[in-house]
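# Tertiary structure, described
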Amino acid sequence: MNDRIDEREQPRVYPVLDSLRAIAAISVVATHCAFHAGYYTTGQLGAMSARLDIGVAIFFVLSGFLLGRPFLAAMADGRPLPSSGRYLWKRALRIMPTYWVAVVAAMLLLDENDDASVVEWAKTLTMTTLYGTEPFPYGLAQMWSLAVEVSFYLLLPVLAWLVVRTLCRTPWTARDLISWTMVLVYISIGWLMVGYKVVDPDLVLAHQWLPAYLSWFAGGIVLAIASLATTDGTIVNAVRHLGQSPWTCWITAAALFAIASTPIAGPVTLDIPTAGEGVIRNLLYAVIASLVILPGVFAPETSAFARIFSVGWLRHLGQISYGVFCVHMTVIFLVFEWRDMGLFQGRGLELFALTLVISVGVAEVIYRVVEVPALRLRNLGRRPAPTTAVVEASRPSEQTTSS
């Protein structure tokens, strides 16, 4: 069975993924507005609004695909792995400047953060609150998943090195890599079942650490493997064939989403689910998010799906979605004060509309003033060849956010 990675594969652009990132960001804004409006417990529609946190899983799958693919391509070509230093430098430029802007804004604009200590400021600015004993400051609760993203960024070069030192010493196939990637899923299951309970109980967010979500990143890595492999492997063929039927993928994802909105996947409130419920929700989200992303990788460029989700304005919304993610919780609190809203007292559509519009406007400014200038420093100290510069300019943006 010959399903090796194709060594001739060149970097590709996936315009649909930008638009899917925008949809994920909107779902994150929607679920947080629904929570503050008190919709989570208002029947089946309320439960589905709670499950719109599936946007987090979509972001994580995107990260696994976009960031894992260059490492896999290097392995396939027999080239050295991407420089960890440059990789981490680019990640820092992409994440930290906008994050710091959002943190300072939340800490200064929200009265609830007026008494924050120097230690709280330091933990928040260094993205280490997730590993402490206190919750995130007001307006920054969504940053738990960004901390998980950063943990994955740090882990990815290590995982790639381990694969090169073990699996790639002998002839290997895409099936071998996929089997190896499944280890990440087993780690997630183990963490959700017993792992986090072993950690100090005072660490209140241990159930949200990276091990719990490795299965979601694994979904993106599997898509990256399939995108680089030749077409005559059973697993790869199945993934590609499904991805070429975008509406089938999305209808299946919608059906699984409806299942995830039932009690089988645990409470719709912020209560921690049982071990079994947590595993079911985790795996359902991994499959749903992978199905959502799958057509963005494999659907024909001439298909109606690809044309619809490659429109310029939607792609641009995806490009600024990181700013939307970072600021929207602070905007929610400010809108509450401005519109004299009460917590859990409805007006969810008004809250969502105002939050989304304001967040998009702020994100556009941050994108132009902070993100774009910061990313110009990504090749600092390095003079790329002209061909490399062209390739870099044509690559899909590696923006990754979460909720």
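An account of the accompanying structure is given in this report.

The rules behind each value
- Residues numbered from 1 in each chain as written.
- Predicted model: local features only at pLDDT ≥ 70, side-chain atom pairs only at ≥ 80, totals over all residues.
- Heavy atoms only, no water.
- Patch = residues over 30% accessible without salt bridge, like charges linked within 9 Å, V, L, I, M, F, W, Y side chains within 5 Å.
- Areas by Shrake-Rupley, 256 points an atom, 1.4 Å probe, with all protein chains shown as cover.
- Salt bridge = Lys/Arg side-chain N within 4 Å of Asp/Glu carboxyl O.
- Lys, Arg positive; Asp, Glu negative; His and termini not counted.
- Charge placed at Lys NZ, Arg CZ, Asp CG, Glu CD.
- Helix = DSSP H or I, 4+ residues; strand = E, 2+ residues; numbered from the N terminus.
- Buried < 20%, exposed > 50% of the residue type's maximum accessible area, 1.4 Å probe, protein only.
- Axes fitted to C-alpha atoms, helices over the stretch in contact; angles between N-to-C directions.
- Parallel < 35°, antiparallel > 145°, perpendicular 65-115°, else oblique.
- Left-handed = near helix turned anticlockwise from the far one by under 90°.
- Contact = heavy atoms within 4.5 Å.
- Nonpolar A, V, L, I, M, F, W, Y, C, P; charged D, E, K, R; others polar.

## Notes on a negative patch on the surface
Where like charges cluster on the molecular surface, the negative patch consists of Asp111, Glu112, Asp114, Asp115, Glu120, Glu134 and Glu337. Examined against the element boundaries, Glu337 turns out to sit in helix H14 (residues 321-338).

## Section: the pattern of salt bridges
Counting across every chain of the model gives 6 salt bridges. One salt bridge in this structure joins Arg94 and Glu371, with 2.9 Å as the shortest N-O distance. With a gap of 277 residues between them, Arg94 in helix H4 (residues 84-109) and Glu371 in helix H15 (residues 348-375) connect regions that are remote in the sequence. Like Arg94, the residue Glu371 is buried in the burial classification. The salt bridge partner of Arg368 is Glu364, with a shortest N-O separation of 2.6 Å. Separated by 4 residues within a single helix, Arg368 and Glu364 lie in helix H15, roughly one turn from each other.

## Focus on a nonpolar patch on the surface
A contiguous nonpolar patch, built from Val104, Leu108, Leu109 and Leu334 and spanning about 340 Å² of accessible area, is present on the exposed surface. Looking at the nonpolar patch, the element that brings in the most residues is H4, giving 3 residues. Relative to the assigned elements, Leu108 resides in helix H4.

## Some words on the packing of helix H3 (residues 54-77) against helix H6 (residues 143-165)
It is the contact of H3 with H6, at a shortest axis distance of 11 Å, that shows an interaxial angle of 25 degrees. In terms of axis orientation, H3 runs roughly parallel to H6. Two packed elements cross with a definite hand, and for H3 against H6 that hand is right-handed. Facing Val56, Phe59, Phe60, Ser63, Gly64, Leu67, Gly68, Phe71 and Met75 of H3, the residues of H6 in contact are Trp144, Ser145, Val148, Glu149, Phe152, Tyr153, Leu156, Pro157, Ala160, Val163 and Val164. Of the residues contributing to the contact of H3 with H6, the split by class is 15 nonpolar, 4 polar and 1 charged.

## Topic: the packing of helix H1 (residues 15-37) against helix H11 (residues 275-298)
H11 packs onto H1 with a crossing angle of 155 degrees between their chain directions and a minimal axis gap of 7 Å. On the basis of their axis angle, the class for H1 and H11 is roughly antiparallel. Here H1 and H11 pass one another in a crossing that is right-handed. Residues Val16, Leu17 and Leu20 of H1 lie in contact with H11, whose contacting residues are Val292, Ile293, Gly296 and Val297.

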